[in-house]
Amino acid sequence: MGDLLERLIFLVIGLAWAWLWCITIVVRLILTGPKKLFYKKVSTAPPARLSDPAYGQHNFINIGPIKLHYVASGPSEAPLMLLLHGFPEIWYSWRYQIKEFQKDFRVVAVDMRGYGESDRPQGVQQYRMPLLVEDVRLLIEALGFKSCVLVSHDWGGAVAYAFAAAHPEMVERLVVMNIPPVGIWRDGFTDPSKPVQFLASGYIYEFLLPYFPEFHASLEDLKFLEMAYIGKKFGVRSGLMTEEDVECYKYYFRQPGAMTAGINYYRANLGVPPYRHPLKYPMPVKIIWGCQDSAVTLTLLEDTIKAIPHADVTRIEESSHWVQMDQPEKVCQSIRQFLQATGYNASK
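Residues numbered from 1 in each chain as written. Predicted model: local features only at pLDDT ≥ 70, side-chain atom pairs only at ≥ 80, totals over all residues. Heavy atoms only, no water.

### What about the pattern of salt bridges?
In a structure, side chains of opposite charge can pair up when their charged atoms sit close to one another.
Move 1: All chains considered together, the criterion is met by 21 salt bridges.
Move 2: The closest approach of N and O atoms between arginine 137 and glutamate 134, which form a salt bridge, is 2.6 Å. Note that arginine 137 and glutamate 134 are positioned in helix H4 (residues 129–142) at a spacing of 3 residues, about one turn of the helix.
Move 3: Under the relative-accessibility criterion, glutamate 134 is labelled partly exposed at 28%.
Move 4: Across the pair arginine 254 and glutamate 247 runs a salt bridge, and its minimum N-O distance is 2.8 Å. (Salt bridge = Lys/Arg side-chain N within 4 Å of Asp/Glu carboxyl O. Helix = DSSP H or I, 4+ residues; strand = E, 2+ residues; numbered from the N terminus. Buried < 20%, exposed > 50% of the residue type's maximum accessible area, 1.4 Å probe, protein only.)

Shown next as C-alpha cells:
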C-alpha cells in the first residue's frame, strides 16, 4: 500500500471517529451547557502528593538540547532502575514501584520528553522514536551509569523496546507492561483480520488528526483523564486510583502544549510512514500484562510473545491497562521474582 493511499485511509477513519465524538460533544453541550463543557480549572500550585518526600528527590538534568525532570531515590551507589511512563502519564505513575524498589536500587522515575516538568519541544518530528531512544541513552550516562534495569509501561514500553534493541549493552533486564513493540502495535490496529484491536484503537486514528484531539481531551476540565483513570471502561479496577491522584495528572496536562506533546508520540511513530526497529533482545525480558485492557488487546500480547519467544510473561487477569497502579503488589512481586529467577543481584 502506497504512503499516499495509507494517509488517505487513516484520514478518513480518523475523521469518522472524530465525527462520532462530535455527536457526543453536542449531546454533552445540551446536557451540561457551555459553561461546564468548556470549563478549565486554573492550577496555582501542584498537588501536595507530588512533593511527598517518600518518593525521593526532584531533579532536573540537561541532555542534549532538552532538560528532563526526574525523581530519584535509593542509595546512590546502588544499581540503576530506570522507570519510563506512558500516555497520558507522568513520573507519579510509578509511586508504588518507587517505594518498593528504592531500598535495593537507585530508582529514577523520569518525566519523558514532553511530559510533566520536562521540556516540551515543539513539532511532531521532535517525538520520533530515535530521539526518544537517545534521550534514554543520554539520561543513563548523565546519571553516571553504564546500564540499568529498565522498567516501562505503555509508550514508555514502546521506547524501552526500541532502546533495548538499539543499545542492548545498556539494559541488564527489560520489563515492559501493556504495550507491544511499536511495529507490532501498528500492525495490530491496521490489520483487517483483527477487528477487535481496530475498534479498540479508534482513539489512535483520532490522535493522528491535527488540533481536534487536543480540543476533545480538554473538555470539562480534562474529563478525558477521569475517564481514562477512574472511568468504568478504561479506569483502574482495584479502586486504588482516587480523584486526588487524577488531579496530579490534570495539573500538568492543563499547561499549554502538554496534551499536544503527549499526542505527538502517536503522530510521530504510528502515522505514515511508521517507525520500526529490529526485535532482537539478548537480555532477559519480562512482560507484565493487565488483561482487562480496553485499548491494547490480548491479541497484541500474543503477537509480542511470538516475536520475543524467550520473554517471561505474567498475566494479571483482573487488571486494567494501568497495571502498575491497579495491582502494584502483584507487579512488584512479579518484577522481583523475574530478577531473582534470572540471577540478577542488586547488591553487586
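### Some words on the packing of aromatic side chains
Move 1: Inspection of the entire model under this criterion finds 30 aromatic pairs.
Move 2: With a centroid separation of 5.8 Å and 65° between ring planes, the pair formed by tryptophan 155 and tyrosine 265 is classed as edge-to-face. Taken together, the residues tryptophan 155 in helix H5 (residues 155–166) and tyrosine 265 in helix H11 (residues 258–269) connect sequence positions 110 residues apart.
Move 3: For tyrosine 265, a relative accessible area of 1% corresponds to the buried category.
Move 4: Chaining the aromatic ring pairs together yields one cluster made of Phe87, Tyr115, Tyr127, Trp155, Trp185, Tyr203, Phe207, Phe224, Phe253, Tyr265 and Tyr266.
Move 5: Note that lysine 67 overlies the ring of phenylalanine 60, its terminal NZ or CZ placed 5.1 Å from the centroid. (Phe/Tyr/Trp six-rings, centres within 6.5 Å; stacked < 30°, edge-to-face > 60°. Lys NZ or Arg CZ within 6 Å of the ring centre and 35° of its normal.)

### Thoughts on helix H6 (residues 182–190)
Residue pairs three or four apart in sequence face the same way in an α-helix, which turns once every 3.6 residues.
Move 1: In terms of burial, H6 is a largely internal element, 7 of the 9 residues being buried.
Move 2: Within H6 the residues assigned to the buried category are Val182, Gly183, Ile184, Trp185, Arg186, Gly188 and Phe189.

### Here we look at unusual backbone geometry
Move 1: Cis geometry is adopted by the peptide bond preceding proline 88, which originates at phenylalanine 87 and carries an omega value of -10°.
Move 2: Positive phi outside glycine occurs at glutamate 220, with the angle close to 50°.
Move 3: If you trace the backbone, glutamate 220 turns up in helix H9 (residues 212–230).
Move 4: The buried category is assigned to glutamate 220, whose relative accessible area is 12%.

### Here we look at the UniProt feature "domain: AB hydrolase-1" (unreviewed entry) in the protein chain
Move 1: UniProt annotation of "domain: AB hydrolase-1" (unreviewed entry) refers to residues 79–328 when read in the numbering used here.
Move 2: Secondary structure within residues 79–328 divides into 44% helix and 14% strand; the distance between the first and last C-alpha atoms comes to 22 Å. (UniProt positions renumbered as here; feature names shortened; annotations may be inferred.)

### Describing the packing of H9 against helix H10 (residues 243–253)
Move 1: Interaxial distance between H9 and H10 falls to 10 Å at its minimum, and their mutual angle equals 135°. By the angle between their axes, H9 is oblique relative to H10. In the crossing of H9 with H10, the sense of the turn from one axis to the other is right-handed. Residues Asp221, Leu222, Leu225, Glu226, Tyr229 and Ile230 of H9 form the contact with H10, whose own contacting residues are Glu243, Val246, Tyr249, Lys250 and Phe253.
Move 2: Counted by class, the contact of H9 with H10 contains 7 nonpolar, no polar and 4 charged residues. (Axes fitted to C-alpha atoms, helices over the stretch in contact; angles between N-to-C directions. Parallel < 35°, antiparallel > 145°, perpendicular 65-115°, else oblique. Left-handed = near helix turned anticlockwise from the far one by under 90°. Contact = heavy atoms within 4.5 Å. Nonpolar A, V, L, I, M, F, W, Y, C, P; charged D, E, K, R; others polar.)

### Some points on the nonpolar core
When a protein is soluble and globular, its nonpolar side chains tend to lie buried together.
Move 1: With 111 residues, the main nonpolar core has Leu82, Met129, Trp155, Leu174 and Trp185 as its most contacted residues.
Move 2: Sort the elements by how many residues they give to this core and H5 lands first, with 8 residues.
Move 3: Not counting residues within four places of it along the chain, the set of residues in contact with methionine 129 comprises Trp155, Ala158, Val159, Ala162, Val182, Asn269 and Tyr275.
Move 4: Judged by nonpolar contacts, the second largest core, of 6 residues, contains Ala18, Ile25, Leu209 and Phe212. (Core = buried A, V, L, I, M, F, W, Y, C linked by side-chain atoms within 4.5 Å.)

### Quick look at the pairing of strand S6 (residues 171–177)
Move 1: Taking burial as the measure, the 7 residues of S6 include 7 buried ones, the bulk of the element.
Move 2: Direction of pairing for strand S5 (residues 148–153) relative to S6: parallel, over a ladder of 6 bridges. Looking at the pairing, leucine 150 lines up with leucine 174 of S6.
Move 3: Crossover handedness for the path S5 to H5 to S6: right-handed.
Move 4: When S6 meets strand S7 (residues 285–290), the two strands line up parallel, connected through 4 bridges. Within the sheet, the bridge partner assigned to valine 176 lies in S7 and is isoleucine 287. (Pairing = 2+ DSSP bridges. Right-handed = clockwise from strand over helix to strand, strands pointing away.)

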